[in-house]
Amino acid sequence: MDKKPSVGYLGMGIMGSAMAGRLVDAGYPVTVWNRSRDKCAPLEAKGAKVSETAQEVVETCDVTFACTSDPTSARAVVFGEKGVLAGITKGKRFVDMSTVDEECVKEIAEAITAKGGRFVEAPVSGSKGPALQGQLVILAAGEEALQKEVQPCLDVLGKRTFFLGEVGCGARMKLVINMVMGINMVALSEGLAVGQKAGLQGKDILEVIKEGAIASPMYGLKGPKMLDGDFAPNFPLKHQQKDVRLAVDLGDKVGQSMPLAAAANEAFKAARAAGKGDEDFSAVYATVNR
Ligand code: NAP
């Protein structure tokens, strides 16, 4: 078997740490970096090396992945002092898995390739559980040859990889998917809230949903926890609001009216304003159900 390439991972949040952990378990030599170093400790305990800078990770690894919060963080990791760009030389490979808008990912791609580096965007669909189990859906775009080279790593992280074309297509697909997810979460929240106020049992509502055509894994997974008030974060609400906001921006750009996305954005904004940004996105139920 071919020697495994050395892999860098930037961003040890919920998703990055789960993905880096799987790569360690699969036998890749992994080096990690995070803005706050303490979040690297679990990976270090698993056998990963820890770097002091993103630049050093890129310089020392065959391929570097990143997964941070949003466009601001993705730009900071790439363009910041001792960031990814500082470590890019001809042929260096960088795969950004953060959920961002297409302007951001195009800016990053152009900067990396202008220095001779190679780039793929690969945002993911699927939350903490799928990330831990290697069951993510990966939405790749950019240099197809690089996607093929890193596919063995992506196969450790996901159950299916789509190659969607030029840089920007991954971001667009991810925003469309998360917009639909966010609208559905607000719909479930309103259904549970109005049903219970009208005297129905929340668990009966979930059971009836489960038996019909609108059954979905998300409702099955999140519904019971919502009724229990368990909002431990798998997908932080602040990131869901960011995704719906970016989807609304995409609608503006292409001239698509999206009243439901706009309403979902407002519901998530209200939940953030109520201090629920770091809870799971299903915590929108707590603010809808007042
Ligand atoms: P998270 O747990 O909140 O982690 C965010 C990460 O971004 C942390 O490593 C954080 O570093 C880093 N970060 C934030 N601002 C930064 C900055 N200015 N400079 C450098 N690093 C910065 O988020 P997550 O749930 O892992 O999500 C990561 C990405 O995946 C997001 O784009 C999200 O939309 C997407 N995503 C998440 C899920 C999910 O279910 N969780 C699913 C699909 C996609 P610190 O530790 O130093 O703050």
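In every chain, residue numbers begin from 1 and rise along the written sequence. Predicted model: local features are reported for residues with pLDDT of at least 70 only, side-chain atom pairs are reported and counted for 80 or more only, and whole-chain, interface and lining totals are derived from all residues. Side-chain figures throughout are based on the complete set of non-hydrogen atoms in the structure, without hydrogens or water.

Novice: How would you sum up the pairing of strand β9 (residues 158-163)? Please name residues and give values.
Specialist: By definition, two strands form a pair when at least two bridges between them are found by DSSP. Under the DSSP-based scheme used, a helix requires at least four consecutive residues in state H or I and a strand at least two consecutive residues in state E, with every element numbered from the N terminus. Alignment of strand β8 (residues 136-142) against β9, held across 5 bridges, turns out to be parallel. For L139, the partnering residue across the bridge sits in β9 and is F162. With respect to chirality, the unit in which β8 leads through helix α8 (residues 144-157) into the neighbouring parallel β9 is right-handed. A clockwise course of the path from the first strand over the helix to the second, judged with the strands pointing away from the viewer, identifies a crossover as right-handed.

Novice: So, the nonpolar core: which residues are in play, and what are the values?
Specialist: Joining through side-chain atoms within 4.5 Å is the link that ties buried Ala, Val, Leu, Ile, Met, Phe, Trp, Tyr and Cys residues into a set, and such a set is a nonpolar core. Residue burial is assigned from relative accessible area. The probe radius is 1.4 Å, only protein chains are included, and a residue is buried under 20% of its type maximum, exposed over 50%, and partly exposed in between. The biggest cluster of nonpolar side chains holds 34 residues, and the ones touching the most others in it are Y9, L23, V32, F65 and M97. Elements supplying a minimum of two residues to this core: β1 (7-10), α1 (14-25), β2 (30-33), β4 (63-66), β8 and α8. What Y9 contacts, discounting residues up to four positions off in sequence, is G16, M19, A20, L23, T31, V32, W33, V57, F65, A66, C67 and M97. Grouped together as the second largest cluster of nonpolar side chains are 28 residues, L175, V186, L237 and Y285 included. Contact criterion: two residues are considered in contact whenever any of their non-hydrogen atoms come within 4.5 Å of each other.

Novice: Describe the state of the cysteines, naming the residues involved and giving the relevant values.
Specialist: A pair of sulfur atoms, both from cysteines and within 2.5 Å, is called a disulfide here. This model, assessed by the stated rule, comprises 0 disulfides. There is no disulfide at C40, and the cysteine sulfur nearest it, in C61, is 13 Å away. The thiol sulfur of C67 is not disulfide-bonded, and the nearest other cysteine sulfur, from C104, lies at 13 Å. Given the relative accessible area of 13%, C67 is considered buried.

Novice: Please give an account of the domain arrangement of the protein that cites residues and values.
Specialist: Each assigned domain of the protein is listed with its residue range as follows: domain 1 (7-167) and domain 2 (172-288). Throughout the structure description, domain borders are defined by an automatic or database domain assignment. Each of domain 1 and domain 2 has a C-alpha centre, and these two points are 27 Å apart. Facing 18 residues of domain 1, the contacting portion of domain 2 comprises 15 residues. What gets called buried area is simply the loss in accessible area from a 1.4 Å probe that two parts show on being joined, summed for both. By the criterion of area lost to domain 2, the three top residues of domain 1 are I14, T99 and E102, representing 33% of everything that side buries. By definition here, a salt bridge exists when the distance from a side-chain nitrogen of Lys or Arg to a carboxyl oxygen of Asp or Glu is within 4 Å. Between domain 1 and domain 2 we count 4 salt bridges in total.

Novice: Can you break down unusual backbone geometry residue by residue, with the values?
Specialist: Notably, K82 is not glycine yet its phi reads approximately 55°, a positive angle. Take K82: it is sitting in the loop between α4 (71-79) and α5 (84-87).

Novice: Could you give an account of helix α12 (residues 237-254), naming the residues involved and the relevant values?
Specialist: Across its 18 residues, α12 extends 26 Å between first and last C-alpha, which sits within 8% of the 26 Å expected from 1.5 Å per residue. Residues of α12 that are buried: L237, H239, Q240, Q241, K242, D243, V244, L246, A247, L250 and G251. Those residues of α12 that are buried lie in contact with α4, α6 (102-114), α9 (169-197), α13 (259-273) and α14 (284-288). Positive phi shows up at G255, right after α12, with a value of about 75°. By this rule the span expected of a helix is its residue count minus one, scaled by 1.5 Å.

Novice: So, the environment of G142: which residues are in play, and what are the values?
Specialist: Of note, G142 is situated in strand β8. A sequence separation of 25 residues divides G142 from V167, and the C-alpha atoms of the two residues are 4.4 Å apart. Ignoring any residue separated from it by four or fewer positions in sequence, one finds G142 in contact with F119, F163, G165, E166 and V167.

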